[in-house]
Amino acid sequence: MVDYHANNQSSTGGAQMYMEPENDWDRDLLLDPAWEKQQRKTFTAWCNSHLRKSGTQIENIEEDFRDGLKLMLLLETIAGERLPKPERGKMRVHKINNVNKALDFIAGKGVKLVSIGAEEIVDGNAKMTLGMIWTIILRFAIQDISVEETSAKEGLLLWCQRKTAPYKNVNVQNFHISWKDGLAFNALIHRHRPDLIDYDSLRKDDPVTNLNNAFEVAEKHLDIPKMLDAEDIVGTLRPDEKAIMTYVSCFYHAFSGAQKAETAANRICKVLAVNQENEQMMEDYEKLASELLEWIRRTVPWLENRTQEKTVNDMQAKQEDFRDYRCVHKPPKVQEKCQLEISFNTLQTKLRLSNRPAFMPSEGRMVSDINGAWHTLEGAEKGYEEWILSEIRRLERLEHLAEKFHQKAAIHESWTDGKEAMLTQKDYETSTLSEVKALLRKHEAFESDLAAHQDRVEQIAAIAQELNELDYYDSAKVNARCQKICDQWDTLGAFTQSRKESLERTEKQLESIDELYLEYAKRAAPFNNWMEGAMEDLQDMFIVHNIEEIQGLITAHEQFKSTLAEANKEREAIQAIQAEVQKIAQSNGIKLSGANPYTTITPESIDGKWEKAMAMVPLRDTALQGELNKQNSNDTLRAKFATQANTVGAYIQAKMEEIGRISIEMNGTLEDQLTNLKEYQKTIMSYMPEINTLEGYHQLIQEALIFDNQYTSYTMEHLRVGWEQLLTTIARTINEVENQILTRDAKGITQEQLHEYRASFNHFDKDHSGALMAEEFKACLISLSYDVENEKQGESEFARIMSIVDPNGSGAVTFQAFIDFMSRETTDTDTADQVIASFKILAADKTFITAEELRRELPPDQAEYCIARMAPYTGADAAPGALDYMSFSTALYGESDL
């Protein structure tokens, strides 16, 4: 017979046989018609199991391969490669050429064909054709079987023995007699698919039933075509080994494919679970960011509202609303902002650890956008608080000015009452000469009095103008009253000038008035005006903000009191003039009318006003002393606030420096560091009562309307910001350690490696900034044995590493980025190619996959996740409902878009 046992090339280059050559008894048996029949059936069915993938099949194994066309198609199907274009001619030479192309392809796969030529195949030599097909089966179906360092026939036999070992009445020792009763076939199926075979119902003495059961189940449920009839096996003393091996190899590939599919499904489930968790974190971040930005959007317009109020009480109510916002509404939002940053950093760390692209929030929801909005909010807060304080000052000033305006206006209106009637009367027409002279002198005294009142009118106008400039809510009423006073003042001026001219025309005919009365009137009028001014000053309201201002008022009041002695002398001199008038009248027997014709100011009125003014002096003393006590109390409150503020400020500064050192000099395991940091955080939070005490002092200061403090440079706003920064820094440091734990656990980094990385990082972080500049990072890599010296290749490698640890090109490398790089260098992660290969297994080597295949191989939720996101497959070989798993896999790793 012809020897057609196939050979292949080992990995070391020597020619090796696929199987050991069979003995002479086997070679003779090959001529047995029963064996040849079994081989025909088996090999034909095996070939058709592959040819049907290309839409064809064979009926007669030695006839249908004679022209070489289906032989070449068979090889292309099982090898997955293209052969040279076949020749379509019908001549013998065309057929030989086609068969030679197929034989050359087989030889190119390392198979040594012994005594098999194209002419024998073209001539329909059955033995040569069967030998060639057996060689193909050995190469493509049996050679790659490997079980525990055994391969090919021995590997397939060992696999069968392992899988059937637990089953009674099954003892696989070869590929002929051991399979004759059919139990071994049934055991293989039951081992992998117990739902298909009721093994306990099978009987060893009924081989035909056993074989038919196994062959029918395999054909129906495992897609293994029926290659032999039960009678063919039972009816021979020894079944054909090659036929049995071919049949069994189909079972091996069917079940090994199922195991690969399960492994592939598990890998995909793992990848999809990570992706679903990351997407949920992204959705949570987007929701929290949107809610926080919406709250800021609603709050900023309220803080920017500058609607003015009419009274100090109304503005203080706004101040109380603002204090409630700062103490009640804002603190939870500060926590939300901090949590948002922590969630964002944790998500980015998980994405890096799972080899996913970095998360980019939707437009306007980046951490920088939130920080920008927060900065705008805090700017609006500061502006709103300053505006409230300035408005309180303005309204307080307005109320003081308005009261002062109405007081001066009332005094002026009282003084002008009846003046127009006096100036318009015609009494001089019937008066004597002395009476006219008296009227003229009286008018001169009035003019002096009028000039003295000019200052008061100007003060009234100035106060009204200031009220307008400060936007006093009742400016219209003030303006109307001021305008009336000014108009009346102009009228009085015109009337005064008119009366003076009338008196002067009459004066030429009348005698002068008593000079003594005139002197009295001239001196009494200014003194009277001085007393009125003094009483007005003594009743004047005052507002001060510190001790220096009240002490200035007290000094001025003391100076005023020092002038009272001289004023009293002037009063006594005026009263002496009146006494002299009485003396002269009595001496000369003159009967006085009882009134000074030159003035309405009587000695009694002067004494009355003097006594009234003297009574006001101690009242003024009491009011000034009370205000001095109030300012001393305010100064004490300033000192209390300053002492507490200086203590809190120093504490915050010390803790900020301390946490900076802790973040650089942390020792022990990451869990110990995390525990210590959280205990440290609790220690910091225990200081909160001191902050609340300071807030209480600050509230008392605002209620006392204290606007400055010379004892401290700290403001409440400054300390609030420092406290919030301290809490945020601690939270960020804790989050950094938590991310290092995630990195360690995900990448399998030991505690010693982390300590080594930390020691190297800290050694080259000379300025303790928590980041390495480019040259510092290069020195650190060199210390860790990386070849990044200044040669061209080293510079290229360093540039590659920098693109990984510093993708934004900031020039600085953080410790987290350093850890991510070192862990990535030492561990393996899933890749897009691995996921694509897993999907390809599930799809039975197709370039697309169907929804049915996904639902069969994956859990329901993850199967639906894939179906919803996979794009339709548009290749030339697309089937109805085909899905593109390649673009889906690359999108998971950011290499394309979903």
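Quick caveat: nothing in here was measured; it's all calculated off a predicted structure. Each chain carries its own residue numbering, running from 1 in the written order of its sequence. Where local features are concerned, this predicted model is filtered to residues with pLDDT of at least 70; where side-chain atom pairs are given and counted, the filter is 80 or more; whole-chain, interface and lining totals use all residues. Calculation of side-chain values draws on the structure's entire complement of heavy atoms; hydrogens and water are dropped beforehand.

Caption draft 1: Molecular detail of the overall build of the protein chain. Under the DSSP-based scheme used, a helix requires at least four consecutive residues in state H or I and a strand at least two consecutive residues in state E, with every element numbered from the N terminus. Of regular secondary structure, the protein chain possesses 31 helices and eight strands. Here the C-alpha radius of gyration of the protein chain, 56 Å, is well above what a compact globule of 898 residues would show, namely 29 Å. Across its three principal axes, the protein chain shows a C-alpha extent of roughly 185 × 65 × 55 Å. The rule is simple: take the accessible area with a 1.4 Å probe, protein chains only, and divide by the maximum for that residue type; under 20% is buried, over 50% is exposed, in between is partly exposed. Taken across its 898 residues, the protein chain has 45% of its residues classed as buried. Should any heavy atoms of two residues lie within 4.5 Å, those residues are counted as being in contact. Looking at the protein chain alone, contacts between residues at least 24 apart form 74% of all its contacts between residues at least 6 apart. Residue burial considers only the protein chains on display, and all accessible areas are found by Shrake-Rupley using a 1.4 Å probe. Of the roughly 44800 Å² of accessible surface on the protein chain, 50% is carried by carbon and sulfur atoms. None of His or the chain ends enter the tally, which takes Lys and Arg as positive and Asp and Glu as negative. Every charge is mapped to an atom, namely NZ of Lys, CZ of Arg, CG of Asp or CD of Glu. If the 101 positive side-chain charges of the protein chain are averaged to one point and the 147 negative ones to another, these points end up 3 Å apart. We compute the radius of gyration over the C-alpha atoms and compare it with the globule rule, which gives 2.2 Å times the number of residues raised to the power 0.38.

Caption draft 2: The packing of aromatic side chains, seen in detail. Ring pairs are drawn from Phe, Tyr and Trp, using the six-membered ring of Trp, whenever the two centres fall within 6.5 Å, and their geometry is named by plane angle: stacked under 30 degrees, edge-to-face over 60, tilted for the rest. By the definition in use, this model includes 30 aromatic pairs. Between tryptophan 302 and tyrosine 325 the ring centres are 5.5 Å apart and the planes differ by 65°, which places this aromatic pair in the edge-to-face class. Of this pair, tryptophan 302 sits in helix α11 (residues 241-304) while tyrosine 325 is found in helix α12 (residues 312-353), placing the two residues 23 residues apart along the sequence. For tryptophan 302, a relative accessible area of 32% gives the class partly exposed. Pairing phenylalanine 322 with tyrosine 325 gives two aromatic rings, centres 5.9 Å apart and planes at 35°, and the pair type is tilted. Of this pair, phenylalanine 322 and tyrosine 325 both sit in helix α12, separated by three residues, roughly a single helical turn. Its relative accessible area of 4% is what places phenylalanine 322 among the buried residues.

Caption draft 3: Structural context of the side chain of threonine 349. With respect to the helices and strands, the residue threonine 349 is situated in helix α12. Residues in contact with threonine 349, not counting those within four places in the same chain, are Asn739, Leu742, Thr743 and Gln816.

Caption draft 4: How the structure looks around the nonpolar core. Counting residues in hydrophobic clusters, the biggest one holds 79 residues, and the most contacted among them are Ile136, Trp179, Phe185, Ile189 and Phe251. Of all the elements, helix α6 (residues 126-142) adds the most residues to this core, at eleven residues. Among residues more than four places away in sequence, those in contact with phenylalanine 185 are Trp179, Leu211, Ala214, Phe215, Ile244, Tyr247, Val248 and Phe251. Within the second largest apolar cluster, 49 residues are counted, among which are Leu677, Phe777, Val788 and Met822. Working definition of a nonpolar core: buried Ala, Val, Leu, Ile, Met, Phe, Trp, Tyr and Cys residues. They are joined through side-chain atoms within 4.5 Å.

Caption draft 5: Focus on the confidence of the model for the protein chain. The predicted model of the protein chain averages 81 in pLDDT, with 90% of residues at 70 or higher. Under a pLDDT of 50 for its full length, residues 1-31 has, in the predicted model, 76 contacts with residues more than four places off or in other chains. pLDDT measures the predictor's confidence residue by residue and takes values from 0 up to 100. Per-residue pLDDT stays below 50 along residues 509-513; that stretch engages in 20 contacts with residues further than four places along the chain or on separate chains.

Caption draft 6: Main features of the layout of surface pockets. Estimates place the volume of the second largest pocket at around 1400 Å³. Lining the second largest pocket are 46 residues, with Asn345, Arg352, Thr814, Gln816 and Ala817 sitting closest to its centre. Of all the secondary structure elements, the ones that give two or more residues to the lining of the second largest pocket are α12, α20 (603-665), α23 (716-747), α24 (751-764), α26 (792-805), β6 (812-814) and α27 (815-826). Each residue is assigned to one class: nonpolar for Ala, Val, Leu, Ile, Met, Phe, Trp, Tyr, Cys and Pro, charged for Asp, Glu, Lys and Arg, and polar for all the others, Gly among them. Along the lines of polarity and charge, the residues of the lining of the second largest pocket split into 19 nonpolar, 18 polar and nine charged. Whether a set of points on the 1 Å grid over the protein atoms alone is a cavity depends on a 1.4 Å probe fitting there but being unable to get out, while an open set qualifies as a pocket with protein on both sides within 12 Å along at least five of seven lines; lining residues are those with an atom within 4 Å of a point. Grid points are joined across faces, edges and corners, and a volume is the space filled by probe spheres set on the points.

Caption draft 7: Structural view of the side chain of arginine 456. For arginine 456, the position within the fold is in helix α15 (residues 433-469). For this analysis, a polar contact is any N or O atom pair within 3.5 Å, provided that within protein one partner can donate a hydrogen and the other can accept it, and provided that sequence-adjacent residues contribute only side-chain to side-chain pairs. A polar contact of 3.0 Å, which involves the side chain of arginine 456, links it to the side chain of histidine 453. Leave out the neighbours within four places in its chain, and arginine 456 touches Lys408, Ile411, His412 and Glu536.

Caption draft 8: A look at the environment of alanine 812. Its location among the elements puts alanine 812 in strand β6. Judged by its relative accessible area of 21%, alanine 812 falls in the partly exposed class. The sequence separation of alanine 812 and alanine 639 amounts to 173 residues, and the corresponding C-alpha distance is 45 Å.

Caption draft 9: How the structure looks around the pattern of salt bridges. Any Lys or Arg side-chain nitrogen located within 4 Å of an Asp or Glu carboxyl oxygen qualifies as a salt bridge. This structure, assessed with the given rule, holds 49 salt bridges. For aspartate 232, the salt bridge is made with lysine 37, and the minimal N-O distance between the two is 3.6 Å. Of this pair, aspartate 232 sits in helix α10 (residues 230-234) while lysine 37 sits in helix α2 (residues 33-51), and the two are 195 residues apart along the sequence. Residue classification places aspartate 232 among the buried residues on the basis of a relative accessible area of 9%. With a closest N to O distance of 2.6 Å, aspartate 232 and lysine 41 form a salt bridge. Of the two residues, aspartate 232 is situated in helix α10 and lysine 41 in helix α2; the sequence distance between them amounts to 191 residues.

Caption draft 10: Region of the structure containing the environment of arginine 855. When you line up the elements, arginine 855 lands in helix α29 (residues 851-857). Residues in contact with arginine 855, not counting those within four places in the same chain, are Ala863, Glu864 and Ile867. Here glutamate 864 takes part through its side chain, which lies 2.8 Å from a polar atom of the side chain of arginine 855.

Caption draft 11: Summary view of empty space enclosed by the protein. One pass over the full model with this rule turns up four cavities of 30 Å³ or more. There is about 60 Å³ of room inside the second largest cavity. For the lining of the second largest cavity, the elements supplying multiple residues, two or more each, are α21 (670-685) and α24. Ranked by residue count, the leading element in the lining of the second largest cavity is α24, at four residues. In the lining of the second largest cavity, the residues fall into four nonpolar, six polar and one charged.

Caption draft 12: Broad picture of helix α3 (residues 69-79). Buried residues of α3: Leu71, Met72, Leu74, Leu75, Glu76 and Ile78, and no others. Against α2, α4 (92-108) and α6 lie the buried residues of α3. Residue glycine 80 follows α3 closely and has a positive phi angle near 70°.

Caption draft 13: Representation of the packing of α2 against α3. Whenever a helix is involved, its axis is fitted only over the stretch in contact; in every case the axis is a line through C-alpha atoms, and angles between N-to-C directions fall within 0 to 180 degrees. Put simply, α2 and α3 touch, their axes get as near as 9 Å, and they point 65° apart. Between α2 and α3, the angle is such that the two are roughly perpendicular. Between α2 and α3 lies a crossing of left-handed hand. Contact residues: α2 offers Trp46, Cys47, His50 and Leu51, while α3 offers Lys70, Leu73, Leu74, Thr77 and Ile78. Angles below 35 degrees are treated as roughly parallel, those above 145 as roughly antiparallel, those between 65 and 115 as roughly perpendicular, and all remaining angles as oblique. By convention, the crossing between two helices is left-handed when the near helix turns anticlockwise from the far helix through less than a right angle, and right-handed when the turn is clockwise.

Caption draft 14: Region of interest: the environment of aspartate 232. Sequence-wise, aspartate 232 and valine 208 are 24 residues apart; in three dimensions their C-alpha atoms are separated by 9.8 Å. Once you skip the residues sitting within four places of it in the chain, aspartate 232 turns out to touch Lys37, Gln38 and Lys41.

Caption draft 15: Broad picture of the state of the cysteines. Counting rule for disulfides: a pair of cysteine sulfur atoms within 2.5 Å. Within the structure shown, the criterion is met by zero disulfides. No disulfide involves cysteine 47; its sulfur sits 11 Å from the nearest other cysteine sulfur, which is in cysteine 250. For cysteine 250, a relative accessible area of 13% corresponds to the buried category.

Caption draft 16: Quick look at unusual backbone geometry. One non-glycine residue with positive phi stands out, namely aspartate 223, at about 60°. When you line up the elements, aspartate 223 lands in the loop between α9 (207-221) and α10.

Caption draft 17: Representation of the packing of helix α25 (residues 774-783) against α26 within the structure. The geometry of α25 relative to α26 is characterised by a closest axis approach of 11 Å and an angle of 110° between their N-to-C directions. Taken together, the axes of α25 and α26 are roughly perpendicular relative to one another. Between α25 and α26 lies a crossing of right-handed hand. Contact residues: Ala774, Phe777, Lys778 and Leu781 in α25; Glu795, Phe798, Ile801, Met802 and Val805 in α26. Of the residues contributing to the contact of α25 with α26, the split by class is seven nonpolar, no polar and two charged.

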